[in-house]
Amino acid sequence: MPGAAPATIEAPGPELTVLMPCLNEARTVATCVRAAVEACHRMGIEAEVLVADNGSTDGSQDLAGAAGARVIQVAQKGYGAALRAGIDAARGRLVVMGDADDSYEFADIPNFVARLRQGDELVMGSRFRGTIHPGAMPPLHRFLGNPVLTWILNLFFGAGITDAHCGMRGFQREAIR
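From a predicted model like this one, the values you see are computed outputs, not experimental measurements.

Engineer: I'm lost on a nonpolar patch on the surface in this one. Help?
Structural biologist: Taken together, the side chains of V148, L149, W151, I152, L155, F156 and F157 present a nonpolar region at the surface, about 780 Å² in accessible area. With respect to the element layout, L149 can be found in helix α5 (residues 139–157). In this structure L149 comes out as partly exposed when scored by relative accessible area, which is 45%.

Now the structure itself:
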């Protein structure tokens, strides 16, 4: 048709988004972003690292961007709000999330992606089957709270998980939406 604009075809996004909620993590955010970028590069997957910043005042946003992340600003306060906004902004069909405080091993991303590619809709990390970094879990949570709550979850729902409160999780984005 003469004069009509040519149709545009949007390129597909990356397979994976690594999502990091962030609030004043200037000390660690760049380390986390670089670790995620390196893990994705090593596994040869097209991925983006997305930092959902929740109002940092310490320059976390600039440090994350310089390390290779795409940064979005989340005006609504709260950890859950940052995660929701990040999931909505994610371009990957798979999402692996972890905090930007360097308490999770982003080198484990390939393990999450492998399970998601096999069809799992949700993959939970487990600090009890890996490493609990200093300061990542207070003793009361480590020896009483988390084990008891995980046991109750498994008792009633047969979830088969070992760390109900681990913040490193992977999921099919559409299953969560």
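Having put the structure on the table, let's press on.
Engineer: Looking at this structure, I do not really get the nonpolar core. What am I missing?
Structural biologist: Note on soluble globular proteins: their nonpolar side chains tend to be buried together. Counting 29 residues, the largest nonpolar core has L16, V18, M20, V33 and I109 as its most contacted members. If you list the elements that add at least two residues to this core, you get β1 (16–22), α1 (29–43), β2 (47–53), α2 (60–67), β4 (94–97) and α4 (109–117). Looking at this core element by element, the count peaks at seven residues for α1. Setting aside residues no more than four positions away along its own chain, I109 makes contact with L16, V18, A36, A39, C40, M43, V96 and M168. One finds L50, A81, A90 and V95 within the second-largest nonpolar core, a separate group that totals 13 residues.

Engineer: What should I look at first to understand the sheet that holds β1 in this one?
Structural biologist: Paired through their backbone hydrogen bonds, the strands of a sheet run either parallel or antiparallel. As summarised here, the arrangement of the six strands in space is β3-β2-β1-β4-β6-β5, forming an open sheet in which the pairing is mixed. A single partner strand is all that each edge strand has here, and the edge strands are β3 (70–73) and β5 (122–124). Each strand of the sheet is rotated relative to its neighbour by a mean of 20°, with strand direction disregarded. Pairing geometry for β4 and strand β6 (residues 169–172), over four bridges, is antiparallel. Counted as the bridge partner of V96 is G170 from β6. Against the sheet, α2 touches β1, β2 and β3, its axis set at about 155° to β3. Each of β1, β2, β3, β4 and β6 touches helix α3 (residues 79–89); the most contacted strand, β1, lies at about 155° to it.

Engineer: Would you take a moment to explain the pattern of salt bridges for this structure?
Structural biologist: Pairing is possible between side chains that carry opposite charge, provided their charged atoms lie close to one another. Across all of its chains, the model carries nine salt bridges by this definition. Between R42 and E38 there is a salt bridge, with the nearest N and O atoms lying 3.7 Å from each other. With R42 and E38 both in helix α1 and four residues apart, the pair spans about one turn of that helix. Look at E38 and you get partly exposed, because its relative accessible area is 39%. In this structure, E48 and R91 form a salt bridge, with 3.9 Å as the shortest nitrogen-oxygen distance. Residue E48 is located in strand β2, and its partner R91 is located in the loop between α3 and β4; the two are separated by 43 residues in the primary sequence. According to the relative accessible area criterion, E48 is buried, its value standing at 9%. What you see here is one network of salt bridges that share partners, running through D88, R173, E174 and R177.

Analysis parameters
- Residues numbered from 1 in each chain as written.
- Predicted model: local features only at pLDDT ≥ 70, side-chain atom pairs only at ≥ 80, totals over all residues.
- Heavy atoms only, no water.
- Patch = residues over 30% accessible without salt bridge, like charges linked within 9 Å, V, L, I, M, F, W, Y side chains within 5 Å.
- Areas by Shrake-Rupley, 256 points an atom, 1.4 Å probe, with all protein chains shown as cover.
- Salt bridge = Lys/Arg side-chain N within 4 Å of Asp/Glu carboxyl O.
- Helix = DSSP H or I, 4+ residues; strand = E, 2+ residues; numbered from the N terminus.
- Buried < 20%, exposed > 50% of the residue type's maximum accessible area, 1.4 Å probe, protein only.
- Core = buried A, V, L, I, M, F, W, Y, C linked by side-chain atoms within 4.5 Å.
- Contact = heavy atoms within 4.5 Å.
- Pairing = 2+ DSSP bridges.
- Axes fitted to C-alpha atoms, helices over the stretch in contact; angles between N-to-C directions.

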